[in-house]
Amino acid sequence: MDIEEYLQNPCGTLSIPYWKAKTLTLPDSIRMIHCRDWNGQYSDYQRYFRVKHSLKDLAPIEFDYDTISIDSQAKQLSKSVLGGENCKDMVTIITGASHTGKTLLAQRMLEKYKAPYLSIDHLKMGLIRSGNTDLTPEDDEELVGYLWPIVREMIKTAIENRQSLIVEGCYIPFDWRKDFDESYLQSIRFLCLAMSEEYIGSHFEQIKEHACDIEARLDDSSCTVERLKNENREFAAGFRAAGERVMLITEDYEAAIRQLA
């Protein structure tokens, strides 16, 4: 890997391959490739094998490293990390149970990163109110199967067009990753919000008070302590079983949101 290859995708590639290429010299008779680039195309080579290492008993390595000058280089660095021309733009998926602050987080990320966001709730209501489906807002399970194929292909289109996008809503299947190959997954950031039962029990009135911080809820009468606990329990259990990391809000809601944004 040379510097140009690394800069094509610094967000999805470790710097280790570039360091190896700079410090190690391979004989002409040996070619080393990443497993993601392997599809059997090097049939002219006499033999190939996969190297795995347990990473035990490694001797310490002294690395050379650079520091940045905050005054002169911080803006250039942030441009590269947050969407410069050499960094593949990201799609951020925000999901979770009702009242967990998905829309608030999406709004803050929009303001911070200047990336547009798609509300799956808005897409849902547009399709329902236009008569494109007979489903109702209460048909949660059926809506996942109906909306996700549309949202999934919008995500792929954004990645292919190298556009940043924040996708926010609860209609994300637990096994969403199976619909993307690695070339897409390396450009997707997934965030799942959930509140602990203890947090809901002790902060229920505050949760209700902040329900309209970003959007006006026309009718929030169905929100009860038990319903919130059940929804959050189901979301957390489902995504954890699928191998996803869940941000569980247990004490300080604002601190949790700041950490994610």
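Since the structure is predicted, the reported quantities are computational estimates derived from the model, not experimental observations.

Here's the deal with helix H9 (residues 225-241)
With 17 residues, H9 should cover 24 Å at 1.5 Å per step; its first-to-last C-alpha distance of 24 Å lies within 8% of that length. Looking at the buried positions of H9, the neighbouring elements they touch are strand E1 (91-96), strand E4 (188-195) and helix H8 (197-209). Looking at the residues trailing H9, positive phi occurs at Gly 243, about 90°.

A look at the sheet that holds strand E3 (residues 165-168)
Taken in spatial order, the five strands line up as E2-E3-E1-E4-E5 in an open sheet, and their pairing is parallel. Because the sheet does not close on itself, it has two edges, and the strands there are strand E2 (117-119) and strand E5 (247-249). Ignoring strand direction, the axes of neighbouring strands in this sheet form an average angle of 20°. Examined bridge by bridge, E1 and E4 share six bridges and lie parallel to one another. Residue pairing for E4: Thr 95 is matched across the bridge by Cys 192. Most of the contacts of helix H4 (residues 102-113) go to E1, to which it runs at about 160°, and overall it touches E1, E2, E3 and E4. Strands E1, E2, E3 and E4 of the sheet are contacted by helix H6 (residues 140-160), whose axis makes an angle of about 155° with E1.

Observations regarding the environment of Arg 227
Note that Arg 227 resides in helix H9. Between the C-alpha atoms of Arg 227 and Ser 98, which are 129 residues apart in sequence, the distance is 9.6 Å.

Overview of the nonpolar core
Within the largest apolar cluster, 31 residues are counted, with the highest numbers of intra-cluster contacts made by Ile 155, Val 167, Ile 172, Trp 176, Phe 180, Ile 188 and Phe 239. Looking at this core, the elements that each hand over two or more residues are E1, helix H5 (120-129), H6, E3, helix H7 (182-185), E4 and H9. The greatest single-element share of this core, amounting to seven residues, is contributed by H6. Residues Leu 191, Met 195, Cys 223 and Leu 228 belong to the second largest nonpolar core, which totals 19 residues.

With respect to the pairing of E4
The element E4 is extensively covered by neighbouring structure, given that seven of its eight residues are classed as buried. As paired elements, E4 and E5 share three bridges and run parallel to each other. Within E5, the residue paired with Leu 193 across the bridge is Met 247.

Some thoughts on the confidence of the model for the protein
Of all residues in the protein, 64% attain a pLDDT of 70 or more, and the chain-wide mean is 77. pLDDT under 50 marks residues 63-88. Its contacts with residues more than four places away, or in other chains, come to 25 contacts.

Cut-offs used in this document
- Residues numbered from 1 in each chain as written.
- Predicted model: local features only at pLDDT ≥ 70, side-chain atom pairs only at ≥ 80, totals over all residues.
- Heavy atoms only, no water.
- Helix = DSSP H or I, 4+ residues; strand = E, 2+ residues; numbered from the N terminus.
- Expected span 1.5 Å × (residues − 1).
- Contact = heavy atoms within 4.5 Å.
- Pairing = 2+ DSSP bridges.
- Axes fitted to C-alpha atoms, helices over the stretch in contact; angles between N-to-C directions.
- Core = buried A, V, L, I, M, F, W, Y, C linked by side-chain atoms within 4.5 Å.
- Buried < 20%, exposed > 50% of the residue type's maximum accessible area, 1.4 Å probe, protein only.
- pLDDT = per-residue confidence, 0-100.

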